[in-house]
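# Remarks on the overall topology
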Amino acid sequence: MATELSPSLAIRSSTGVEVWKSSGFKAPFVPETAFTRDESKLCRAIVYSPNGRFLAWANGSTVQICTAANWKVLHRLPRPKAFYLKFSPRSTYLMTWEIYTENPKDDIKEKPNLFLYDVASGQEVFSVIQKRHADWEMHWAADESLMVVMVGGEVLFYEVKPEAPFPDKPIKRLVPPGYRSSAQTKDKRQNKSKKQNKPNEATSSAPINTNNKSSNGQSGQSNRSSTAAGTKNSGNSHERKARPKTAPVLNSTPGEDGQTDAVKKTPQLSGDPEKDKKIKNIKKKLKDITLLKEKNDRGDKLEQNQIAKMNSEAELLKELKALKTS
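Summarised in this report is the structure supplied together with it. (Residues numbered from 1 in each chain as written. Predicted model: local features only at pLDDT ≥ 70, side-chain atom pairs only at ≥ 80, totals over all residues. Heavy atoms only, no water.)

## What to know about the pairing of strand 7 (residues 73-77)
The pairing of strand 6 (residues 63-67) with strand 7 spans 4 bridges and is classified as antiparallel. Considered in strand 7, the bridge of C66 is made with V73. Once strand 6 ends, the chain turns through 5 residues before running back antiparallel as strand 7, passing W71 with a positive phi of about 60°. (Pairing = 2+ DSSP bridges. Helix = DSSP H or I, 4+ residues; strand = E, 2+ residues; numbered from the N terminus.)

Here it is, written out as structure tokens:
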């Protein structure tokens, strides 16, 4: 006779982490007394393993793994900044990710922020720098024989063998179309820097002869002008004459709506200078956030204040909508 399943819920809230259980699918849920309630208010992530045997959560000081059989804590992993958690398909490994930051005071500037732990032993078996927020996790074959992770625009393939140490070198590297690996990006920046720092070729300038006169008795005015102009254009300033800008021709004849081109091209304002100023500032911030997202997707390093700026997008959109509707 099959054993009746007893569902349980892991709840993360502002008051901590707790587990509720039910004696059946139609029975009410009640607190699980065997689970020791975590009173931390800094829980960012909580996840069950795919096979339902383990529960893991991050409470702001450690990442804890407990077994669902008796709700006893198996391991406390030293990851106080863990932001995301995820198990591998067969629940053999636990992945933890935290926001990438650099401390100028540290001897080692770039430190890993994506970690892989063996669930049975609680030992760290792999780590790497992963700056991406979206699609941060490692990807696995169904039998966990292959692990794939995209880092710095490059896809790395690792072959995982049972009863063997986790590999520290990939068996294959692949740069997808449209992406550039970290090494390629570094070479491009170095080449660009070399071109910018390359000294300009020196151009000789002959002295101006003010005493030279032409056959008609005039001094060498044209010679001076051409020599001076040549010296000016060959110097380090690279000054060039600006081309005169042609102002757009506006149609002053009113159209069918009774408005001229000048009126149509004028942005519509709310009539409140203070509100218009706020709207303009918010739009500028949203544009900056879009550029930061593009940098983050390329794998570029973001500072802590830039990450905080990205996280403020939803609040800015809400404020912009309220200003436009008011």
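## Some thoughts on the sheet that holds strand 8 (residues 84-87)
Sheet architecture is open: 4 strands sit in the order 8-9-10-11, paired in antiparallel fashion. Taken across any chain shown, the strands that pair with only one partner, and hence form the sheet edges, are strand 8 and strand 11 (124-128). Averaged over all neighbouring strand pairs, the angle between strand axes comes to 15°, with direction disregarded. Sheet analysis places strand 9 (residues 93-97) next to strand 10 (residues 114-118), joined by 5 bridges and oriented antiparallel. (Axes fitted to C-alpha atoms, helices over the stretch in contact; angles between N-to-C directions.)

## Digging into the packing of helix 4 (residues 273-297) against helix 6 (residues 313-325)
Geometry of a packed helix pair, given as the angle between the helix axes and the separation of the axes. Relative orientation of the contacting elements helix 4 and helix 6 amounts to 150°, with a least axis distance of 10 Å. As summarised for this structure, helix 4 and helix 6 are arranged roughly antiparallel, according to the angle between their axes. Between helix 4 and helix 6 lies a crossing of left-handed hand. The segment helix 4 lies against helix 6, with K275, K278, I279, I282, K283, K285, L286, I289 and K293 engaging E313, L316, L317, E319, L320, L323 and K324. Here the residues of the contact of helix 4 with helix 6 sort into 8 nonpolar, no polar and 8 charged. (Parallel < 35°, antiparallel > 145°, perpendicular 65-115°, else oblique. Left-handed = near helix turned anticlockwise from the far one by under 90°. Contact = heavy atoms within 4.5 Å. Nonpolar A, V, L, I, M, F, W, Y, C, P; charged D, E, K, R; others polar.)

## Considerations on helix 4
Two residues of an α-helix separated by three or four positions point the same way, owing to the 3.6 residues in each turn. Between its first and last C-alpha atoms helix 4 spans 37 Å; for 25 residues at 1.5 Å apiece the expected length is 36 Å, and the two agree. Every buried residue of helix 4 is accounted for by K275, D276, I279, I282, L286, I289, L292 and N296. The opening residue of helix 4, the one whose side-chain oxygen lies 3.2 Å from the backbone nitrogen of E274, is D272. Two residues or fewer after helix 4 comes G299, characterised by a positive phi angle close to 90°. (Expected span 1.5 Å × (residues − 1). Buried < 20%, exposed > 50% of the residue type's maximum accessible area, 1.4 Å probe, protein only. Polar contact = N/O pair within 3.5 Å; in protein donor to acceptor, adjacent residues only side chain to side chain.)

Functional significance is not addressed by these values, which are geometric in nature.
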